[in-house]
Amino acid sequence: MPTLRTAPSVAFLFVLASVACTSTAPSAPAVADAERLLADVTWLADDAQGGRRAGTDEARRAGEWIAERFRALGLEPAGEDGFLQRFEVGLPATDGGDSRLVCGDSTWSGATHLVPAYCSDGATAKGELVFCGYAVEHEPLGWNDFTSLGLSANDALAGKVALVVRGAPPKRPTPTRATHDPAAPAQTETAANVVRGDDWGTSTSLFTKTMNCKRRGAVAVLFVEHPAHPEGLTPFDSSAAKQSSLPVLLLSGETGRALAPECFTVLERFVDPPTPTGDAVAYPARTVEVHADVERKKGPAFNVLARLAGRDRSRGIVIGAHYDHLGHGGPESMAPGDRSVHNGADDNASGTAVLLELARLFARAPRPDCDIVFAAWSGEELGLLGSKHWTEQPTIELARVEANLNLDMVGRAGAKKLAVLATASAAPFEAWLGELGRKHGFELQLSSGGNGVGGSDHQAFLERKIPALHFFSGVHADYHKPSDDVERFEAAGAAAVTELARDLVLEMTAAGDLVYVEPPKPEGGEAARATPTRSNGTWFGSVPEYGFEGKGVKLAGTSPGSPAEKSGLKAGDVLKQVGDVKIDTMQDFVYALGLYKPGDTVVAKFERDGKEESVRVLLTTRAKQ
Ligand SMILES: [Zn+2]
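This write-up is about the structure you can find in this document. Just so it is clear, the model here is predicted, and its values are computed rather than measured.

What follows covers the side chain of S99. Positionally, S99 belongs in the loop between β3 (94-95) and β4 (100-103). A polar contact is formed between the side chain of S99 and the backbone nitrogen of D293, at a distance of 2.8 Å.

With respect to the helices, strands and loops of the structure, A306 is situated in strand β15 (residues 298-308). Once you skip the residues sitting within four places of it in the chain, A306 turns out to touch F70, L75, E76, A78, F83, I372, V373 and F374.

We now examine the coordination of the zinc ion. Here the zinc ion is held by the protein donor atoms H322 (NE2), D347 (OD), D408 (OD) and D408 (OD), which lie 2.0 to 2.7 Å from it. Coordination at the zinc ion is irregular: its four donor atoms span angles of 51 to 143° at the metal. Taken in sequence order, the residues that donate to the zinc ion follow the motif H-x24-D-x60-D. On the criterion of sequence distance, the pair formed by H322 in strand β16 (residues 312-322) and D347 in helix α8 (residues 345-364) is long-range, its members being 25 residues apart. Judged by relative accessible area, which is 0%, H322 ranks as buried. Taking relative accessible area as the criterion, D347 reaches 2% and is therefore assigned buried.

To continue, consider the nonpolar core. Counting residues in each nonpolar core, the largest one holds 66 residues, and the members touching the most others are F70, F374, F471 and M508. Considering every element that reaches this core, the biggest residue donor is helix α12 (residues 491-511), with eleven residues. Formed by 42 residues, the second largest nonpolar core is a distinct cluster that contains L149, L575, V615 and L619.

Another aspect to go through is the packing of helix α3 (residues 57-72) against α8. When two helices pack together, their arrangement is given by the angle between the helix axes and by the axis-to-axis distance. In contact at an axis separation of 10 Å, α3 and α8 are set at 15° when each is read in the N-to-C sense. By the angle between their directions, the pair α3 and α8 is classed as roughly parallel. Here α3 runs over α8; the crossing is right-handed. Counted together, W65, I66, R69 and F70 of α3 and T352, L355, L356 and A359 of α8 form the full contact between these two elements. By residue class, the composition of the contact of α3 with α8 is six nonpolar, one polar and one charged.

How each quantity is defined
Residues numbered from 1 in each chain as written. Predicted model: local features only at pLDDT ≥ 70, side-chain atom pairs only at ≥ 80, totals over all residues. Heavy atoms only, no water. Helix = DSSP H or I, 4+ residues; strand = E, 2+ residues; numbered from the N terminus. Polar contact = N/O pair within 3.5 Å; in protein donor to acceptor, adjacent residues only side chain to side chain. Contact = heavy atoms within 4.5 Å. Donors = N, O, S within 2.8 Å, 3.2 Å for Na, K, Ca; no water. Tetrahedral: all angles 85-135°; square planar, octahedral: opposite > 155°, others 65-115°. Buried < 20%, exposed > 50% of the residue type's maximum accessible area, 1.4 Å probe, protein only. Core = buried A, V, L, I, M, F, W, Y, C linked by side-chain atoms within 4.5 Å. Axes fitted to C-alpha atoms, helices over the stretch in contact; angles between N-to-C directions. Parallel < 35°, antiparallel > 145°, perpendicular 65-115°, else oblique. Left-handed = near helix turned anticlockwise from the far one by under 90°. Nonpolar A, V, L, I, M, F, W, Y, C, P; charged D, E, K, R; others polar.

Laid out in structure tokens, this is it:
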């Protein structure tokens, strides 16, 4: 076990002290400045920074602010354009304002008649209109519109445009509900005993209904309000941003009635359960053209990189922290629909402030044994895009990078408790952390693999077989919410984290021969950013490659012991179909998993080296391997 280099021997200290009296060389290492840390988090997490969503002007401004700090410290620029390294990210989708619906001689457009649904893509499609009732499938409640309407075949809507009623179907109380007295005669349907929306789960969401129609081949979906339950045209809201890859429009009640009056007269017959009456919804064939004007633009994002020259310039340590966050919410928000600024004080203004304070301490200290690179990543919340971009297009030879220390959410360490992840990725890490934890009075929770293999920017280094550690002060109730504010930032704790990190980096710089060790895979085999297990517990075990732009879901790997691994799927494969669901996007995949249960075997079609292949995947629950 290499000796601790941060505590020079007493004799050496003595010499140093005498030199200090005479020379300018600092005697004791400078201490981290909690006030400065607080000031930086206050600036980064201020509403004025708009939640620093990658690709936005606010994030760009934050990046330039960080670059200015590096410049003021006299550090070398280590980006492609000075301190900056530019890359592109997808911006939240927006309503282009020119959506249209054409049927015969009639054309509808404008926000009073129709708007794109949050799950719409910018696309145009044409096809015959088919009425699909509520397009709901809910087995436990015994409701299936497709079966009732004779549309259950996989291609029942091939090339068609689905016309769907919004909201939840009328449903009599189920026997289990308290209100039901088995002795009582069958109740007539009244507003009082019709249950709406509460126990339907996600089966009545616009997204799920759209996917139910897409799975049967629909090329577009038109949603109409139920005449008895007008909901109004919800403006396009990208925060929900679930892509269906179809044009999907919400029609006003008036537009719906003008388009297909017959369909409304039958709605009243849709009671519990809907009786399959093919002729109940007879209507003249109509071909419609649906144009959904949804813009999904790209915006420039910036990694900000600086370098401090060390004695040995042939190698370097990268200290990283992402400075981007969620902006005004979005699919990653834990406050769905809340469009206020997600300030991201802990996630990750705290790590960015510690990165800047480390840069200040090192810039003022004697030359380190090797170079130190300070990297403020962007695009982390969108799938680790900045750190991945840098490891694909490094501005310093990756072979010279000895190790990475990642700081993501270190703002709640007031009690000096800190988790350190991926500690097994180099042999000396755990011993160093043991000693430094004691020296700095921290209770360190070391996790060799744990979720160490994923979940933040150190993942990009581990994937390149570079030893990496992640400092993390823990998840909390404000995670990914607008309430993650500076008021809850623990500055003294962050100052202590800074000094602990400084000493750890000094160990890394002095080590000189850190060898990568594959960390043990986390228990239960799922990396933090792998596909979540479906609410019904179905586990597939893929690790998707975020940022993949092609059609399908590209695998960055599979979780050990998972159904995906056992079926022979591997990194690089592009999933194209699971069961009878075509996979264009991540959402298709998550939707597909929701259709199957543990114990089901599904055929997964995928592309490998340009060739289409397929495997049978026996789905399980996460626990039972
Ligand atoms: Zn984060």
